[in-house]
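# Architecture at a glance
One-letter residues, chain by chain:
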Amino acid sequence: MLVNVMTTVANSDSYSLLREELQENRQLWRSQTLKDYQYIYQQQCFCPPPSNNSLEVFVKNDTIIKTVNLNNNENIKDLTFAKTVEELFNIIEDAIKRNADEILITYDSLLGYPTRVAIDYEKILADEEITYTVEKLTKLN
């Protein structure tokens, strides 16, 4: 699978490029009209579980309906923990607006969704970095 990679270290030109990439990939994603899908999700950070665990996420009508921890096959009760593709686009947009010190984004070149979003809001702060990954996104039947 092909991907587009966009990375930046804080400066106005790189933020402009990130905004363009975000807009292009968001449009590509929306053109798929994919509202029901599943994927493997992970949020990596210095956070309590289920962070740092691989989760299988099921989305129906752009809403998460089920999340399963793949380490123990248990359902995650908090359905707001995982993020939909649209929510990940919003996180990217917010990081750009907040002028995060470092942003690394990888998009799926066929469908446009973010496959990896790594954000370091402030380089001088320890342990506030966060990375989201999305793998094996498929249409939900």
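Note that the structure is predicted; figures quoted are calculated from it, not measured.

Thresholds, definitions, all that
- Residues numbered from 1 in each chain as written.
- Predicted model: local features only at pLDDT ≥ 70, side-chain atom pairs only at ≥ 80, totals over all residues.
- Heavy atoms only, no water.
- Phe/Tyr/Trp six-rings, centres within 6.5 Å; stacked < 30°, edge-to-face > 60°.
- Buried < 20%, exposed > 50% of the residue type's maximum accessible area, 1.4 Å probe, protein only.
- Helix = DSSP H or I, 4+ residues; strand = E, 2+ residues; numbered from the N terminus.
- Lys NZ or Arg CZ within 6 Å of the ring centre and 35° of its normal.
- Salt bridge = Lys/Arg side-chain N within 4 Å of Asp/Glu carboxyl O.

## Thoughts on the packing of aromatic side chains
Two measures describe an aromatic ring pair: the distance that separates the ring centres and the angle between the ring planes. Applying the stated criterion across every chain yields a total of seven aromatic pairs. Between Trp29 and Tyr37, the ring centres sit 5.3 Å apart and the planes meet at 85°, which makes this aromatic pair edge-to-face. Just as Trp29 is buried, Tyr37 falls in that class too. Between Tyr41 and Phe81 the ring centres are 6.4 Å apart and the planes differ by 85°, which places this aromatic pair in the edge-to-face class. Linking Tyr41 in strand 2 (residues 37–44) with Phe81 in the loop between strand 5 (74–75) and helix 2 (85–97), this pair joins segments that are 40 residues apart in sequence. Here Tyr41 and Phe81 have matching classes, each one buried. Among the aromatic side chains, those forming a connected cluster through ring pairs are Trp29, Tyr37, Tyr39, Tyr41, Phe81, Tyr113 and Tyr132. The positively charged end of Lys66 is found above the aromatic ring belonging to Phe58, 5.6 Å away from the centroid.

## Section: the pattern of salt bridges
Within this structure, the stated rule accounts for four salt bridges. A salt bridge links Lys35 to Asp62; its shortest N-O distance comes to 3.1 Å. One end of the pair, Lys35, is in the loop between helix 1 (12–31) and strand 2; the other, Asp62, is in the loop between strand 3 (55–60) and strand 4 (63–69), with 27 residues separating them in the sequence. Among the residues examined, Lys35 registers a relative accessible area of 41% and is labelled partly exposed. Note on Asp62: relative accessible area 27%, which makes it partly exposed.

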